[in-house]
Structures are given as structure tokens and as C-alpha cells.
There are 2 protein chains.
Amino acid sequence: MAQNIYDTPAFFAGYSRLNRSVRGLAGAPEWPAIRAMLPDLRGRRVADLGCGFGWFARWAAAEGAAQVLGLDLSENMLARARADTADPAVAYVRADLEALELPEGRFDLAYSSLALHYVEDFGRLVRTVFRALAPGGRFVFTIEHPIYMASTRPGWLVREDGGRTWPVDQYAVEGARTTDWLAPGVVKHHRTLGTTLNTLIGAGFAIRHVEEWHPSPQQLAEEPALAEEMERPMMVLVAAGR
Amino acid sequence: MAQNIYDTPAFFAGYSRLNRSVRGLAGAPEWPAIRAMLPDLRGRRVADLGCGFGWFARWAAAEGAAQVLGLDLSENMLARARADTADPAVAYVRADLEALELPEGRFDLAYSSLALHYVEDFGRLVRTVFRALAPGGRFVFTIEHPIYMASTRPGWLVREDGGRTWPVDQYAVEGARTTDWLAPGVVKHHRTLGTTLNTLIGAGFAIRHVEEWHPSPQQLAEEPALAEEMERPMMVLVAAGR
């Protein structure tokens, strides 16, 4: 079973204060880039793997999705997602992505935002998603970028001249990475970008788009703190088609 | 026109002394991984973009390729490639990959080893290669990894505890990177891995395999100096299909 860090009080409290938790999709700077990778959702059946507070599920239903299934391991998050959701097209179910089972050919879009780097057995999950998609279906997800995750000691380094750089080491050594973020002992699973893509290809997916997210010039002008995202990618956005 | 650094005397002399120049494919630790990505070459027509001393061209002909066209900008390299090649299936032609033109549907495999990061207009080249391949043809290439190329000051950093890490900065800022390697002022063109893959997809290619090369346990045992390739990838291997 995956670590259920979101139900740790300190983590949940910290996560709840993040801009993307308070403001939803509009608080996530990568959202415009994700949205550009999504198909038209009218009449479509959507699964959201790691739905959190349900911001995407509600958006998808508002876009006209016929059914949206939000899946998450955190009871705290599901409770708030349910409380915040009135649309009858949306349902939430507690599920461990490490042991997920889904009906075959049941969805047109599988979506996941910043959740799959918590999954150890990515291959199993990808094969499950492939089977759960109808022909022509899409799998669109974001994960922490392996450049961001690889190092045994992630965090900015400052050179003598004041310039800042991001450390990469142990990139080829895949496996667990334990860091302190919002709470101590958060376990993520580092995979190279090649492994992520080859796992998708091996399951039968066609890679349609790979985006190592960085802010647009307009976003940089509006939010100068995003400049560090030009230095090293924190996340990667992937679209694949069945 | 691309920079013709290989015809700079200091660069050519240094490059000629590299293990991969002296020993050929057997001197390139990534070769077993590349070979595993190649189709059966018997009766196939092959183009080698940046053929250098012709090691791959001769190997492909020995594997049974019907025709091998080696292309390079460096007159020094072509002269030695011609002098070292007796197989009539192999021909060498001087060409600038920045302005390459190839006949349509003429090849079954386009191959390139560590040359395309010298090309500024990658999109033009990829579209040219796509048109030059017959249906079912493959494009297999290696380039310097953007993790290796991105930083304005590439090179190992040593932490206080003695651990070494590789700097990544300016990753999202694509464009020229000038470094001193074998000779001063070598110009390479940094692109994110996402851009490389999306350019292929946009031209019509299907991504088949993406490998951020690292040594095998056996290679590490035989050549301990390769351990640094576990810390950060120096090159990426890509196979795409038309």
C-alpha cells in the first residue's frame, strides 16, 4: 500500500494552505499547459487518479463530462472533495493507486496531477489504466520531474558568484526518495523520464506530448518567483493515447 | 551552416585520441544499448548523419545492409572514413546537417551518434529525415542529454561532504551553449528532452524507446570510471518509427 502522507495532520494542514489547494486549478501555474493537452470532455467518462480536493473533477463535470470518478487514498481529502461537490456527474471513491483495479474500456480520459510519483509499481498502474481506457482514450498526467527528484540532497545550490543551480545525482538509481516536505519522511519514487515513457510505450500507449513545464513570459511577468522554474523543471506533463 | 569544429586541428587531434575514435563502436560504452535499439539491417538502406570515421557505416555494411550513406561536414573525418572503408556498399558524402536534403522514401534506417546537438534547426532536420524514410523506417539517434548540456557552467560540483553532483540551470532556456571541449568555443544547441520528443511526434514519428544511458553493472565492474554516468546522464538514446 502506498504511504498515506496526506492524512498525516501536519502534511494535510500544510497542503491545505498551498495556493493550488486554496485557489484550485487557477492556483496551479502549470494548469494552462495541462488544459491545452486535454481532449474535449463533453460527454466523456473521466477518471482522476489522486483527485485530492476534487478541483479537477468539478472542472471536468462543468466542461460537460458525462461521468467523473475521483480516486484518492486520503480520507481527509475525499471528505472535503465530497463536501465541495454538488454535481451528480462526479463520484469519489477511496482507492490505493498501488493496487488500483478499474473496469475494462470504461473511461475516455485518465487524468492525474502530481500523484504518480508516490506510486512504486508504475508499470502495474499504467497497464491498469491502458485496459480501463476505451480505444482512442487518453492518459494525461503530471509528475514531479526526475531532475527535481533524483538527488539525494535536493535543493538549490548557490555558487561563489551568487548564481543558483540545481543538483542532479543518482539519476540512474531508481527507487524511493525520502524528503521532508510539509511533513518529515515523505516517500516518493524516482524513475528516469526514459523509464516513465518506455513503460507507457510498453503498455501499448502512443506518446503524444511531453512537456517539461516552465512558465510563459506572461506568467513570469505576473509572478517573478516562478523564475526558478526556468532553471530546472519541477514537473513533467505527459499525454499518451490508447 | 553548422560550426565545423571537427576540422579545427586541435579538436580533430583530440577527438582522434578518444577511445571511441581509436577502438570504434567497442570503445563507446553506450554501443550495446544502441545496438539493442536497431532493426535487422540485412538488405536495408542506411543513412548515418554525422558518420565521423565511418565505424558505424562499416559495421552496418558488415551486418548486411544493402547500402550505407555516411554524411559528415568534416573533410578530415570523411578522408579517414574513405581511407578505412573497402566495402562497396558504403559511400561517404560531405553534407551540412543544418541544410541537409535527402531523396524521399529512400532509407530504412536513419542513424546518428552524438551529432544532432550540433544542429540548430532540429525541426527542419527531423522533417527531412521523416520524408527520407520509407514507411516502417526507423530513426535511431543519440544526443548529449539536456541535463548534461543545460547549465551555463557545466561540470561536477563537490559538496562539503565530498559528494559530487551535477549542476542544472537554464534548463528551459533553449539555444546555443558554448563550451571548451578538446578546443575552445565548441557550439552546441540545447533543447529540452520534451522539445526533442515533441519535434519527432510533430513530424509524424512514433516514439519507440527513450533511454537516458547509464552503464550496466558489468560495465561498472569492468570500468569503474563509468560510475559518474550513474549520477547524471550524459547522453540520451532515442528510437522513433515512421
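Residues numbered from 1 in each chain as written. Chains lettered and ligands numbered in written order. Predicted model: local features only at pLDDT ≥ 70, side-chain atom pairs only at ≥ 80, totals over all residues.

With respect to the sheet that holds strand β2 (residues 67-72) of chain A
Residues and elements named next belong to chain A. The following threshold applies: Should DSSP find at least two bridges between two strands, the strands are taken to pair. We count a stretch as a helix when DSSP gives it H or I for four or more residues in a row; a strand needs E for two or more, and each element gets its number in order from the N terminus. All axes are obtained by fitting lines to C-alpha atoms, using only the stretch in contact for helices, and the reported angles, taken between N-to-C directions, cover 0 to 180 degrees. Two residues qualify as being in contact provided that their C-beta atoms, derived from the backbone, are within 7 Å of each other.
One open sheet holds the seven strands; their spatial order is β3-β2-β1-β4-β5-β11-β10, and the pairing between them is mixed. Each edge of the sheet is formed by a strand with only one pairing partner; in this case those strands are β3 (90-94) and β10 (206-212). Ignoring which end each strand starts from, the neighbouring axes of this sheet average 15 degrees apart. Inspection of the sheet shows β2 paired to β3 by five bridges, in the parallel sense. If you follow Leu71 over to β3, its bridge partner there is Val93. Each of β2 and β3 is contacted by helix α5 (residues 75-84), which is oriented at about 165 degrees to β3, the strand it contacts most.

Focus on the interface of chain B and chain A
In many analyses, interface size is given as the accessible surface area lost on bringing the parts together. The test is simple: Residues are grouped as follows: Ala, Val, Leu, Ile, Met, Phe, Trp, Tyr, Cys and Pro are nonpolar; Asp, Glu, Lys and Arg are charged; all remaining types, including Gly, are polar.
Counting from both sides, the interface comprises 31 residues of chain B and, opposite them, 31 residues of chain A. When residues of the side of chain B that touches chain A are traced back to their parent elements, those giving at least two are β7 (164-168), α8 (193-203), β10 (206-212) and α10 (228-231) of chain B. When residues of the side of chain B that touches chain A are assigned to their parent elements, the largest contribution, seven residues, is made by β10(B). Taken together, the residues that form the side of chain B that touches chain A break down as 16 nonpolar, eight polar and seven charged. As defined by bridge partners, strand β7 (residues 164-168) of chain A adjoins β7(B) across three bridges and the pair is classed as antiparallel. Looking at the pairing, A:Pro167 lines up with B:Pro167 of β7(B).

Details of unusual backbone geometry
All names here are of chain A. The condition is simple: Working definition of burial: number of other C-beta atoms within 10 Å of the residue's own, with buried at 20 or more, exposed at 12 or fewer, and partly exposed in between, all C-beta atoms being placed from the backbone.
A positive phi is found at Leu114, a non-glycine position, where the angle reads about 50 degrees. When you line up the elements, Leu114 lands in the loop between β4 (107-113) and α6 (122-132). Leu114 sits in the partly exposed class, given 17 other C-beta atoms within 10 Å. A positive phi angle, close to 70 degrees, is found at Leu182, a residue other than glycine. Here Leu182 is to be found in the loop between β8 (175-181) and β9 (183-190).

Observations regarding the relation of the copies chain B and chain A
Rule in force here: Copy-to-copy superposition: least squares on the C-alpha atoms, limited to residues that have pLDDT of at least 70 in both copies.
If you rotate chain B by 180 degrees and push it 0.0 Å along the axis, it lands on chain A with an RMSD of 0.0 Å. Such a combination of rotation and displacement between the chain copies is what one expects of a two-fold axis. Of every C-alpha in chain B, the one belonging to B:Pro167 sits nearest the axis of rotation, 2.5 Å from it. A share of 100% of interface residues in chain B that are also interface residues in chain A marks the association as one of identical surfaces.

What about the sheet that holds strand β2 (residues 67-72) of chain B?
Residues and elements named next belong to chain B. Taken in spatial order, the seven strands of this open sheet run β3-β2-β1-β4-β5-β11-β10, and their pairing is mixed. Pairing within the sheet leaves two strands with one partner each, and these edge strands are β3 (90-94) and β10. With direction set aside, neighbouring strand axes in the sheet form an average angle of 15 degrees. For strand β1 (residues 45-49) and β2, the ladder comprises five bridges, and the chain directions are parallel. In the sheet register, Leu49 faces β2, and the bridge partner there is Leu71. The strands that helix α4 (residues 55-62) touches are β1, β2, β3 and β4 (107-113); relative to β2, the one it contacts most, it runs at about 175 degrees.

Structural notes on α6(A)
Residues and elements named next belong to chain A. Note the following rule: Think of the arc as the fan of directions from the helix axis to the C-beta atoms.
Within α6, the full set of buried residues consists of Phe122, Leu125, Val126, Thr128, Val129 and Ala132. All buried residues of α6 project into a common sector of 160 degrees when viewed along the axis, lining one side. Where α6 is buried, its residues meet β1 (45-49), β4, β5 (133-144) and α8 (193-203).

Observations regarding the confidence of the model for chain A
The test is simple: What pLDDT expresses is the predictor's confidence in each residue, scored from 0 to 100.
Averaged over all residues, the pLDDT of chain A is 96; the fraction at 70 or higher stands at 100%. Per the prediction output, this complex has pTM 0.97; the corresponding ipTM is 0.96.

Quick word on the packing of α6(A) against α8(A)
Residue and element names in this part refer to chain A. The test is simple: By definition in this entry, angles of less than 35 degrees are roughly parallel, angles greater than 145 are roughly antiparallel, angles of 65 to 115 are roughly perpendicular, and the rest are oblique. Left-handed describes a crossing whose near helix is turned anticlockwise from the far helix by less than a right angle; the clockwise case is right-handed.
At a closest axis distance of 9 Å, the pairing of α6 and α8 adopts a crossing angle of 40 degrees. Compared by their axis directions, α6 and α8 come out oblique. In this structure, α6 crosses over α8, and the sense of that crossing is right-handed. Listed contacts from α8 to Phe122, Gly123, Val126, Arg127 and Phe130 of α6 are Thr199, Leu200 and Ala203. Counted by class, the contact of α6 with α8 contains five nonpolar, two polar and one charged residues.

Concerning the environment of B:Gly24
All names here are of chain B. Turning to its location among the elements, Gly24 is positioned in the loop between α2 (19-22) and α3 (31-37). We classify Gly24 as partly exposed; it has 18 C-beta atoms within 10 Å. As a C-alpha pair, Gly24 and Ala79 span 55 residues in sequence and 16 Å in three-dimensional space.

Focus: the environment of B:Tyr171
Within the secondary structure, B:Tyr171 sits in the loop between β7 and β8 (175-181). Remark: the alpha-carbon pair of B:Tyr171 and B:Ala150, spanning 21 residues in sequence, is separated by 5.0 Å.

What about the nonpolar core?
Heads up, the condition is: Put simply, a nonpolar core is a cluster of buried Ala, Val, Leu, Ile, Met, Phe, Trp, Tyr and Cys residues tied together by C-beta atoms within 7 Å.
Of all hydrophobic cores here, the largest spans 134 residues; its most connected members are A:Val46, A:Ala110, B:Val46 and B:Ala110. The contact partners of A:Val46, leaving out residues within four places of it in the chain, are A:Leu41, A:Ala60, A:Ala65, A:Gln67, A:Val68, A:Phe107, A:Asp108, A:Leu109 and A:Tyr111.

Comments concerning the environment of B:Gly123
Within the secondary structure layout, B:Gly123 lies in helix α6 (residues 122-132). Each C-alpha atom, one on B:Gly123 and one on B:Thr199, is 6.0 Å from the other, the two residues being 76 residues apart in sequence.

Observations concerning the pairing of β9(A)
It is a general feature of regular strands that their side chains alternate between the two faces of the sheet. Residue and element names in this part refer to chain A. Direction of pairing for β8 relative to β9: antiparallel, over a ladder of six bridges. Its bridge partner being in β9, Gly175 is matched across the sheet by His190. With antiparallel pairing between neighbouring strands as the criterion, β8 and β9 make up a hairpin whose turn holds one residue, including Leu182 at a positive phi of roughly 70 degrees.

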